[in-house]
Each structure stands twice: as C-alpha cells, then as structure tokens.
Number of protein chains: 2
Amino acid sequence: MTRADFDVIGIGNAIVDVLSHADDAFLATNGIEKGGMTLIDTARAETLYALMGAGREVSGGSAANTMAGIASLGGRAAYIGKVRDDQLGAVFARDIRASGVRFTTNPATSGAPTARCLILVSPDAQRSMNTFLGACVDLGPEDVDESEIAAAKITYLEGYLWDPPRAKEAFLKAAAAAHRAGRQVSLSLSDAFCVNRYRKEFLDLVTSHIDILFANEAEILALFEAASFEDAVKAVRATGTLTVLTRGAAGATVVGRDGVITVPAASVAKVVDTTGAGDLFAAGFLYWYTNGRSLEDSARIGAIAAAEVISHVGARPEVALAGLLGPKLG
Amino acid sequence: MTRADFDVIGIGNAIVDVLSHADDAFLATNGIEKGGMTLIDTARAETLYALMGAGREVSGGSAANTMAGIASLGGRAAYIGKVRDDQLGAVFARDIRASGVRFTTNPATSGAPTARCLILVSPDAQRSMNTFLGACVDLGPEDVDESEIAAAKITYLEGYLWDPPRAKEAFLKAAAAAHRAGRQVSLSLSDAFCVNRYRKEFLDLVTSHIDILFANEAEILALFEAASFEDAVKAVRATGTLTVLTRGAAGATVVGRDGVITVPAASVAKVVDTTGAGDLFAAGFLYWYTNGRSLEDSARIGAIAAAEVISHVGARPEVALAGLLGPKLG
C-alpha cells in the first residue's frame, strides 16, 4: 500500500440545493414528506420551484458536503459526481474546488441539466428535500478512476447512489478498487426512505463490502427493521462493521469491535437548519479517524462539525472548521 | 390620476449575486476596490470567479432588492430588468416573483448570459462588488410599459442604469411617463464611483427630473464635490429635491422642503454583511412614504429594514419585514 494522496474520496449525486423557508401547512398542502428526501421528476420540480418562496442556491449533495467538510477541517479530499455543462454545473464545480476538494469528473455535455434539490426548511429547523436527479443519472463506472480510488485511505459512498440507474455500478467498481488497494470503504445510509427502497442490497453491502457505516437512528431502524435503538445496535454488532450512529441532540453512538462508545452532541446556540448535519458529522469523524485518532475523539470532531452546519442555513460549513478544533482535541 | 396599482415600480440591473468571504489581503492581491462596485468583463469575471472561495448564489440587483423589500414589508411593488433565458435568469425571475413583486420583462433570448455580481465580504462586514453586466446591456426603452409606470405612485431608478448603453433611454422614458401620469420619480445614486462616472448627468437629473433622491454620504459628497457632509446638505437643499441621506451607523438625514430631520440607525446585534443596506433603507422609506406616513417615520422604517439585511449574508430580507413593524409605528 503506497502513501495516500487523499484522506477520503467521496462519490455521490452532485446537486445544487435551492433552500427556502416553508411552514408545515405549505408542506401538507403540497404533499411534501417532512424530514425526508423525495425524488421528483421535471414536471414536479417546475411546479414546486414556482410555488416555493424566494431562496438561495448553494452547492450540496450529501457526499460532496462531507468532502467539503473534510477539506474545511484541513483534510485532503477528492470527489466524483456528475453535473451537466450548464450554469448550475459551473456553480457546483467552482464551489467544491474552492473548498479545496479535488474534482475532475467530466460534466455531461448532453441530456438532463445539473441536479437540484428543492429544500424546504421548517420553522423547527427540519428540512424536507425534493430531489430532481438531472445529470446525476449519467454517472457510471467510466467516471471512476481506479488509481484515484487507490490513492485515498477511505472511499466514501452515499446510499443515494442507488437511485440513479448506473451509479451503483460506479459505487461497486470503486469499492472493489479500494479493497484491492488495501483501502477501506465507507457507506452513509443517506435516508430512511432510501433504506426502505434498497434494504436487501444495503444489508448485503453492510455485511460484506463496507468497513465503516454511517446512519442516523431512523435509517438504522429501517435497515434492520428493528423495534428499538438497542435492538438496532445489537444487529449492528453482529455484522462486525464499524458503525457510527447519529441521534441528533442525543449525540452519537459508535459501535466498534471493542464495544460501544457514546458521545454527546456539541452545543449549538440556535438550531437554524438541520440540512447537512449527518454529512458534516461524517466529515469530522472521517477526518480525525483517517489521521489516526481514537473512535471517541473522531466522534467528538464529528459532533463539532455537525453543530456548525446546523447553526445556519445550508449544508456546507460557513467558517473554516479547522478553527473549531480546540487545543485539547487538536 | 387614477388609483395606483403599485406603491413603487423599480427599474434596474437584474443581477444574481455570488457571495463569498475574503480578507483584505485577497482584495489587495487581486486589485479589488474595497467597498465599491467595479464593472468587470467576461475574462475578469471568469478569473475572479475561479479564485474566490465557495459561495452562495442569491438574487440581487440594487432596485430589485428594494422592490423585494417593499413587498416583504407588505407593499405593492413591480420591477423591470433584463435577464437572459438561462438558469441564473430563471433563478432571478423566480426569486423576485416569489417575493411578491410583479416582474414581466421578457428575458433576452440571445446575447450575454444573466448578469452576476461577484461580492466579496470582508471580516469587517464591508462588501466589494465586481459586476459582470451580461444580459443587462439589452435593457432598452422597449421594455418599459408606460401604463405600468403610470400605475405606480413612484418610479424608482438606480444610478447603475447609466452603465449599460441603452438602459438610460429606458430610465428617461419611464421618468417622463411617470411625470405625465402625475406620479413621482426617485433615483438612488448607487455608488460613489458611479457618481464620478456620470456626475454631470446626475446633477442635471437631480435638479430637473427627480422628486426623491437617495444617497449615502460618499455618494452625495461625490455628486456635489463637497468637502463636508454639511456642505453637501446645503447643496441638496438648494436643489429643492426631497433627499434621503444614509450614513451607516450614524443614522440617516432627510432633507425636505420644511427642514432637515435626522434619525438614528436601528440597533443590530452583529453586522455580518452590509450588502443591500442602502437598498433596504430605500425600501422601508418608500413603503411608508407612499402610504402617507411622515418623513421621520418613513426614515425610521428604512433604518429597521436596513438593520435586518445587514444582520446576515445577502442583500434581500430573510424574514417578512412586515413582522418588524412594531405597534408604535405600524
């Protein structure tokens, strides 16, 4: 195994977020599943886009947010994802490169426009996501450079990749290349609805292909069809996969070979928008973990990164996260 | 004079802002005039866009921000400005309509893309703007519907309209149509550098075509080449034009026919980004003024609207400003 050029390389749906505020009545009237991620088609995207309030466009995408977080912490990150050669694609590419992430995937030159996620933030800071996958459907194994995968300590994959038709081929090619190079593979379950769509395949992945699993409480309950968090933790332990379980204000639980560690959530003056909380927890954890720190310290850095991103609107850090690493943990 | 459908109709450069943070060293290294608005060409826009940090895209444009502010306060506003039929143009059109502003200008179907303003926000909350005018150069008198102008109590024009070649023709057509309908015409001086570019024309406008003038301290000093604020106020009084002068943390001065009124700035917990401060001051003033309130109360509402917009990144309100009008002033 050669020296790694990257701490982590992420593969995911390359998406520009359109963030706006909406109350529960708006969600109900327009049939939007609160707190979840719903895939929408062109017609629904146009209708909803016209109905929702004035907003802001910010680069997003789950694994892309995580890579931007790792770079913001001072880590070395790369990203693979598909945009179209259009204005929003240029926005996405610029933002992720400006964050310090290596991003070289060729944009699609035909087909659907760059993906966007219409995110409605509720007064209680919950976010409801409506994703138009656009150009993401063009991501395929040809976009995975095996030497780039081999150059990263960890290949990080988002469960959402199961939605576009050929992205899972890219996912499996990358996972195999990583393992051949003696590297590790990590998966985020992304969303409980997503887990329900692909439970059998995700269970197979977790027990045979994944070294580090990220999930929140709803996702891990959905994966194992467990009745309680304790039952889900037991099921996780049986797989032998290092698993990081986030529980919002209740903190996080790391299930490792040597036992279970629980860390509290980092304090936040005011929770403004929970978009990106899981993505940034993964960023903090993976940055510290790939730099040889303990599971507990890695989880604490995850909690700090998540706390920053939920204190403002949008799913990427607004300050250099490296500045939040105190002397005690740094 | 018939009943007005709108309190204010604004005409301006329709721009999408790209907001990012940068320190003074970045501004110096890249030759950016701190605190000002610089026009940039395509090549410079591409260079700067690639160099600046990850950001967010938010609809902007000086007069457009003002109209969005008036609608947010509960007023009736319309807007005329030129975007291209591209993705950023769709973002601009959606945002201003979602704000409650009537916007029916046809987008350009050829030529330059939708305008963007690369805004660098300094640690001291100052903003430096680099504007690529794009499709704004296609705005002309054919975009001004005289019946729409006649339906607004005030036609509000931004000084920046002197930059694109044919927009001033649209400006003058609108001003003439407003006066023929017995309405008022208002001008914002926009920027001290802009005033220096067009001083003679602006002086002629202020003395003969404008009923309500908005300017900050630097702009009014530039217009009259005055040595002190007091000298500038004297020069303003000699024109007989109702003038609203904003002075940042020092509050605002209204120069009317009956004398000079000074109101304090509204308090802000933390000034985050001064982008849009003048635009929103004008929004608050014009909304209250067109609804029959006193000059002093109108200036106080201006100060409240400006205080909201400088408390966060971006030049448009993040909360419904109508909710900030207390029972005392409401």
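Our subject is the structure listed above.
Throughout what follows, the structure given in this document is the object of discussion. (Residues numbered from 1 in each chain as written. Chains lettered and ligands numbered in written order. Predicted model: local features only at pLDDT ≥ 70, side-chain atom pairs only at ≥ 80, totals over all residues.)

What follows deals with the overall build of chain A. A tally of regular secondary structure across chain A gives 12 helices and 14 strands. Projected onto its principal axes, the C-alpha positions of chain A cover 50 × 40 × 40 Å. Residues counted as buried form 55% of the 330 residues belonging to chain A. If you take every contact in chain A between residues at least 6 apart in sequence, the share linking residues at least 24 apart comes to 77%. (Helix = DSSP H or I, 4+ residues; strand = E, 2+ residues; numbered from the N terminus. Buried ≥ 20, exposed ≤ 12 C-beta atoms within 10 Å, placed from the backbone. Contact = placed C-beta atoms within 7 Å.)

Bringing the interface of chain A and chain B into the picture now. Counting residues at the interface gives 20 residues for chain A and 20 residues for chain B. Per-element accounting of the side of chain A that touches chain B gives the leading share, six residues, to helix α4 (residues 87-98) of chain A. Across the side of chain A that touches chain B, the residue classes break down as eight nonpolar, six polar and six charged. (Nonpolar A, V, L, I, M, F, W, Y, C, P; charged D, E, K, R; others polar.)

Let's shift gears to helix α11 (residues 277-290) of chain A. Residues and elements named next belong to chain A. A rise of 1.5 Å per residue sets the reference length of α11, with its 14 residues, at 20 Å; its end C-alpha atoms lie 20 Å apart and thus fit the reference within 8%. Burial analysis of α11 places 14 of its 14 residues in the buried class, the great majority of the element. Two residues or fewer after α11 comes G292, characterised by a positive phi angle close to 85°. (Expected span 1.5 Å × (residues − 1).)

One copy of the chain maps onto the other through a rotation about an axis followed by a shift along the same axis. Superposition record for chain A on chain B: RMSD 0.0 Å, screw rotation 180°, translation along axis 0.0 Å. The superposition of one copy onto the other is thereby described by a two-fold rotation axis. When C-alpha positions in chain A are compared against the rotation axis, the closest is assigned to E57 of chain A, at 2.5 Å. In this assembly, 100% of the residues forming the interface of chain A have copies in chain B that are likewise at the interface, indicating an isologous arrangement. (Least-squares fit on C-alpha atoms with pLDDT ≥ 70 in both.)

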